Amino acid sequence: MKMIDKVKLFATLRKYLPGLELGKAADINLEPDFSIADLYNFLQIPLEEIKLAYVNGIYCEPDTILKDGDEIGIFPPIGGGCN
């Protein structure tokens, strides 16, 4: 039985969900026992482009197993600022 999770990609990672409106989440059908790392692979996001992910507002490691209805946010490294 598939799960449906909401996935938001931020900043430069949005290119991995083409057509997704700014600030919106995509409903993605996933297999049971999918991890955050599996999701990265499923979306074809290179690991070096990822800084962190959260599930339901809580920071999670890549081996975190997802559950039906989870809300996932994935962020790239962010640069900027000045000394």
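Keep in mind it's a predicted model, so treat the numbers as computed, not measured. Residue indices follow the written sequence of each chain, beginning from 1 at its first position. For a predicted model such as this one, the threshold for reporting local features is a pLDDT of at least 70, and the threshold for listing and counting side-chain atom pairs is 80 or more; totals across whole chains, interfaces and linings nevertheless cover every residue. The side-chain quantities take in all heavy atoms of the structure and omit both hydrogens and water.

### Topic: the sheet that holds strand 3 (residues 52-55)
Turning to step 1, where the next piece is worked out: Here a strand pair is declared whenever DSSP counts at least two bridges between the two strands. Secondary structure elements follow DSSP: runs of H or I no shorter than four residues count as helices, runs of E no shorter than two count as strands, and numbering proceeds from the N terminus. On the basis of which strands lie adjacent, the open sheet formed by five strands has the order 2-1-5-3-4 and mixed pairing. With partners counted over all chains shown, the strands left at the sheet margins are strand 2 (26-30) and strand 4 (58-60), one partner each. Taken over all neighbouring pairs, the strand axes of this sheet differ in orientation by 35° on average, direction set aside.
Turning to step 2, where the next piece is worked out: Inspection of the sheet shows strand 1 (residues 3-9) paired to strand 5 (residues 71-75) by four bridges, in the parallel sense. Pairing of K6 across the sheet is with E71, part of strand 5. Every axis in this analysis is a line fitted to C-alpha atoms, fitted for helices over the stretch in contact. Angles between the N-to-C directions lie between 0 and 180 degrees.

### Some remarks on the environment of F42
Turning to step 1, where the next piece is worked out: Turning to its location among the elements, F42 is positioned in helix 1 (residues 36-43).
Turning to step 2, where the next piece is worked out: Taking relative accessible area as the criterion, F42 reaches 45% and is therefore assigned partly exposed.
Turning to step 3, where the next piece is worked out: For the pair F42 and L30, spaced twelve residues apart in sequence, the C-alpha to C-alpha distance is 9.0 Å. When a residue's accessible area, from a 1.4 Å probe over protein chains only, is under 20% of the maximum for its type it is buried; when over 50% it is exposed; and in between it is partly exposed.

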